[in-house]
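Fold and geometry: a report
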Amino acid sequence: MSDTSTIPPDSTPAGGTGAWSVLRAPQTARVLGASLLGRLPQGAAPLALLIFARETMSLTVAGLLVAAYTAGMAVGQPLLARIADRWRQPPVLWSGVLVSTAGFVLTAAGAGLPATLLGAALAGLGAPPFEAGLRVLWRDLLPAHQVHTAYTLDTATQEIIFVAGPMVTLAATQVAGPVGGLAAAALFQALGTALFVTAPAVRRWRGEPAVRHWAGPLRAGRLRLILVALLLVGAAVGSVTVAVTSYAEAAGDRSLASWLLAAQAGGALIGGLLYIRFAGLRARNTLLRATGAYAVGFLPLLLTPALPGMLALMLVSGLALSPLLTIAFVSIDSVAPAGTAAEGFAWAATAFSVGSAVGSAVDGVLLDTTGEVTVGFLLAPIVVTLACLPLLFKFTPPGSTEGITQ
């Protein structure tokens, strides 16, 4: 087992390790692009749900609606990935997208708060586990020396979701009203699923035969430490989504929230591309350091300046996210027990989603209680700082001298 606390510098074996070398490999661009399309609701749905709910509901209830969606994903992602680990991906993803689409339809029907919350939860519950499905394909599609670059490229480009998602929500809402954002999320998810599951690599993939355990990858102690950190990082992301909506409302234009969230995602995309480019940065970075840098990046948001300044600060706040997630995913791939890789990645998505749900709900209550926009941005740096704590521990399995930090 290799050291997962850092990503080693690029070497230059045959085929290269740059982003373009990875994208030129057969089927790589296809599955990456399809997964990004299918994951677009992750960037579009939270804002779409907030805009839909704010027509008739308080900010607290709107936050709960987003929390229901993300909590549904928290349950559905590892469940669907566990089935895929033991079977095949296409039937699992198709079943999930049918459930998710039904959830979006129920939410849009606006048949009372209980039904709306149930619909949001179902939309998240059935969301296909594209992240897990894609990441277990890399070792089948690419030689070993390109896999780390693939993880970084995947993590960086997924920020396109959080740039394009809010824009799609805004455009769909302007065309079809508050329901339009929900419809767009469901449509892109279905299109992405169709493109992904028909790829030859996805159709032929089978889970690795292994002795199964009821806890799956969660029996690995190092994995559990990483998941705790990701839960807290997710809480920061969820809280900022609600805080940005409050900021936009205070500025007199709720649609500004989509531009602010897109700026933050753009910062994460830039951070990921820089991380691919500079080998020295990868060699020195650790999960602890990346998490600390992410916490520091949130502090300037407490200034809540006028829109131009806020756009710049949101971009800065996202710079460390892609390196943080890249190191986390490479670590999970290394420490997950045999035959549980897809589920391990899904638990990472679940931890992030649970944290986001809690962060959204808590921040909604804080803002409704205090009425102070600045308070909404206070939660993010606090919880990401707390995320550093589990990374201070070194869990050493039998026969290994590795740890999460150096």
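Small disclaimer: the values here were computed from a predicted structure and weren't measured. Here the residue numbering is sequential within each chain, running from 1 through the sequence in written order. Per-residue local features of the predicted model are confined to residues with pLDDT of at least 70, and side-chain atom pairs are confined, for both listing and counting, to 80 or more; whole-chain, interface and lining totals are unaffected and use all residues. The side-chain figures draw on all heavy atoms in the structure; neither hydrogens nor water molecules are used.

Looking at the UniProt feature "transmembrane region" (unreviewed entry) in the chain
UniProt positions are given in the numbering used here, feature names are shortened, and annotations may be inferred rather than shown by experiment. The feature "transmembrane region" (unreviewed entry), as given by UniProt, occupies residues 59–80, 92–111, 182–202, 223–244, 256–275, 344–367 and 373–393 in the numbering adopted here. For helices the rule is a DSSP run of H or I covering at least 4 residues; for strands it is a run of E covering at least 2, with both sets numbered from the N terminus onward. Between the end C-alpha atoms of residues 256–275 there is a gap of 29 Å, over a span that is 100% helix and 0% strand.

So, helix H13 (residues 221–250)
Helix span, as expected, comes to 1.5 Å for every residue beyond the first. Counted at 1.5 Å a residue, the expected span for H13 with its 30 residues is 44 Å, and the 44 Å between its end C-alpha atoms agrees. Gly252 sits one or two positions beyond H13 and adopts a positive phi of about 95°.

A look at the packing of aromatic side chains
Each aromatic pair joins two rings of Phe, Tyr and Trp (for Trp, the six-membered one) with centres within 6.5 Å, and gets the label stacked for planes under 30 degrees apart, edge-to-face for over 60, and tilted for any other angle. All chains considered together, the criterion is met by five aromatic pairs. Judged by centre distance (6.2 Å) and plane angle (40°), the ring pair of Tyr69 and Phe104 falls under tilted. With a gap of 35 residues between them, Tyr69 in helix H4 (residues 59–86) and Phe104 in helix H5 (residues 89–109) connect regions that are remote in the sequence. Across the pair, exposure class does not vary: Tyr69 and Phe104 are buried alike. Taking 4.8 Å as the distance between ring centres and 65° as the angle between the ring planes, the aromatic pair formed by Tyr294 and Phe298 counts as edge-to-face. Remark: Phe298 and Tyr294 occur in helix H16 (residues 287–298); sequence separation between them is four residues, near one turn of the helix. Burial classes: relative accessible area under 20% of the type maximum marks a residue as buried, over 50% as exposed, and values in between as partly exposed (1.4 Å probe, protein chains only). Taking the relative accessible area as the measure of exposure, Tyr294 reaches 1% and is therefore buried. Owing to a relative accessible area of 0%, Phe298 belongs among the buried residues under this scheme. Members of the aromatic cluster, each reached through a chain of ring pairs, are Tyr151, Phe329 and Phe345.

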